[in-house]
Amino acid sequence: MRASVAGCRMSLGALINGLLVSVVAALLWKYSKLSEHAALLEEELHMTRQSQEVSQARIDYHVALQALHEHGTRMVCTGKMHTDRICRFDYLCYCSEAEEFVFFHSNTSVMLPNLGSRRFQPALLDLSSVEDHNTQYFNFLELPAAALKFMPKPVFVPDVTLIMNRFNPDNLMHVFHDDLLPAYYTMKQYSDLDDEARLVFMEGWGEGPHFDLYRLLSSKQPLLKEQLRNFGKLMCFTKSYVGLSKMTTWYQYGFVQPQGPKANILVSGNEIRQFAEDLMEKMNITRLEEAEKDGGSVEDEKEKKDEYIVVFSRSTTRLILNEAELIMALAQEFQMRVVTVSLEEQSFPSIVQVLSGASVLVSMHGAQLIASLFLPRGSTVVELFPFAVNSDQYTPYKTLASLPGMDLHYISWRNTQEENTVTHPDRPWEQGGIAHLEKEEQERILNSNDVPRHLCCRNPEWLFRIYQDTLVDIPSFLEVLKEGMKTKPGLKKSKPASTVHPGRVREAQCQTSVQTTNEAKLTVSWQIPWNLKYLKVREVKYEVWIQEQGENTYMPYILPQQNYTFSENIKPFTTYLVWVRCIFNKNLLGPFADVLTCRT
């Protein structure tokens, strides 16, 4: 009896001990889970803070992380080739340790176009507006979304971002032509790339001397590649656009063929002037409005007094050795004020303020001439070229001034007198030095009086000549300038020529008749384009193409009237295809109307 009571007591004690152990274990497990959850929450809070440090924007880190795990990366691109492709990504990530972009695959990932290995031939897209340059290619690595469990926790960038390469941020021409203008119109192309978008520069350069100009494109500070490492080992851009539009570029630098205007220029001065006006507004620069003048000696005299000439002064290379004499000659010849500006000594906005009211800009060939896009309409650009540098071969600024709608008058002067040049053969090669070359090559360059056409970018003869200093021959300079001014359009404001294209001709029809077994007639008629009655057009003509069915050639005609009877080369019992379109002012072509099928 006692033994059984003692046994019950022992069993009860063991039961209680077991229960206590179970309760303690449960509490410890729960505490462990709570601690783990708290650690996860703390880590999530830390990553949220890091993400918000990047963008100063609120972000739900848990939602973003879950979206990345579940949906992975998504990509939809425009453009058929890498040279014209821009891609939009959701959750494109960047591993700063590997210096690679990462596409995370899940069951719901989208990759359009899905090129497979073809995207490496040679790239998915160009990060720069400079076409097909192998240092500007973009691509990404691929990982399954499950790999995120083993990787550093990502920092998310909630801003809409434009990811691109600056081509050469140290050179003002490249800053405007290759970076700012393309970025500006790429941002116009997509509505969510607004003033709150973030620019991310992946080429690896530092800020450079013109970084304030890049800041004008967005209210948010641009990010450099080197800065991404500071925010975390894995950065994920919640929404990003990668690549730049090339539609605004007008010049190619000679990587494949000697430099010159692009074969197919798609931009006009109207778009460039819109860009310039927007930048001026952001720099708080107001252009003096040019009031319409009806004529009269008092107004003309006032206008003359308000005009002035700007000379771009350089202080290190490519100097105008007699700059003071040149300024004096300009002032005396044209009876105008002459103002000097210098990139080395003045802020860029202060230079733009001066240029925005100038009548004439004079400068040695160089990147500073890109600032001519801020000149008022009707201004003159005068570009000076050193000895042996052919002005017809280096035309980025002539091409800019000549774009329809820029309304700038361009004149070039070239130093043809070798005694008026100062060379620097002992400088480093990148500043035109030739001391590192073989003696024979040095002699050849020194004896040459015309740099031959060449490819970019380290031609020693070009560098030697372009970094010369020049003593400008004042009489020949003034003669070139006065002759050039004779072809300048009148200073009076005039309405620009129409650039409106005609629409389709309407109600096009044909009638045929057979005269004899060997003779037939084909009459084609049409009504004017719908938009013609709303336009004041100087000259209207019509282009008609006639092609015998089954033949490869056609007969073109330019006609002043809306109907015409054709008999020459028209055969009986034959089918002809006929196209008709309108032409305004000699070169503004409309679309062809639907093809007519005419049986004689």
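Calculation rules
Residues numbered from 1 in each chain as written. Predicted model: local features only at pLDDT ≥ 70, side-chain atom pairs only at ≥ 80, totals over all residues. Heavy atoms only, no water. UniProt positions renumbered as here; feature names shortened; annotations may be inferred. Buried < 20%, exposed > 50% of the residue type's maximum accessible area, 1.4 Å probe, protein only. Helix = DSSP H or I, 4+ residues; strand = E, 2+ residues; numbered from the N terminus. Pairing = 2+ DSSP bridges. Axes fitted to C-alpha atoms, helices over the stretch in contact; angles between N-to-C directions. Contact = heavy atoms within 4.5 Å. Parallel < 35°, antiparallel > 145°, perpendicular 65-115°, else oblique. Nonpolar A, V, L, I, M, F, W, Y, C, P; charged D, E, K, R; others polar.

If you look the chain up in an unreviewed UniProt entry, it shows as Protein O-linked-mannose beta-1,4-N-acetylglucosaminyltransferase 2 from Scomber scombrus. Entered under Subcellular location (unreviewed entry) in the UniProt record, the comment concerning the chain runs "Endoplasmic reticulum membrane". The UniProt entry for the chain carries the following comment under Sequence similarities (unreviewed entry): "Belongs to the glycosyltransferase 61 family."

Caption draft 1: Summary view of the pairing of strand β11 (residues 234-242). Taking burial as the measure, the 9 residues of β11 include 8 buried ones, the bulk of the element. Here strand β2 (residues 86-95) pairs with β11 via 8 bridges, running antiparallel. What sits directly across from Asp90, in β11, is Lys239. Where strand β8 (residues 155-164) meets β11, 7 bridges bridge the pair, whose relative direction is parallel. Following the sheet pairing, Thr161 is matched in β11 by Ser240.

Caption draft 2: Here's a closer look at the sheet that holds strand β21 (residues 506-516). Taken together, 3 strands build an open sheet; the order of strands is β21-β22-β25 and the sheet is antiparallel. Across the chains shown, the open sheet's two edge strands, defined by having one partner strand only, are β21 and β25 (563-566). Between one strand and the next, the sheet's axes are offset by a mean angle of 15°, whatever the strand orientation. In this structure, β21 lies alongside strand β22 (residues 519-527), joined through 8 bridges in antiparallel fashion.

Caption draft 3: Highlighting the sheet that holds strand β16 (residues 360-364). Read from one edge of the open sheet, 5 strands run β15-β14-β16-β17-β18, paired in parallel fashion. Each having just a single partner strand, β15 (337-341) and β18 (409-414) make up the two edges of the open sheet. On average, adjacent strands in this sheet sit at an angle of 20° to one another, irrespective of strand direction. As defined by bridge partners, strand β14 (residues 308-312) adjoins β16 across 3 bridges and the pair is classed as parallel. Looking at β16, one finds that Ile309 is bridged to Val360. On the sheet, helix α9 (residues 348-355) packs against β14, β15 and β16 and is oriented at approximately 145° with respect to β14. Where helix α13 (residues 474-486) meets the sheet, it contacts β16, β17 (380-385) and β18, and its direction lies at approximately 155° from that of β18.

Caption draft 4: Representation of the packing of helix α3 (residues 172-189) against helix α6 (residues 269-282) within the structure. Relative to each other, α3 and α6 sit at 90°, their axes nearing to 11 Å. Overall, the two elements α3 and α6 adopt an arrangement that is roughly perpendicular. The segment α3 lies against α6, with Phe176, Leu180, Leu181, Tyr184, Tyr185 and Lys188 engaging Glu271, Ile272, Gln274, Phe275, Asp278 and Leu279. For the contact of α3 with α6, a count of residues per class yields 8 nonpolar, 1 polar and 3 charged.

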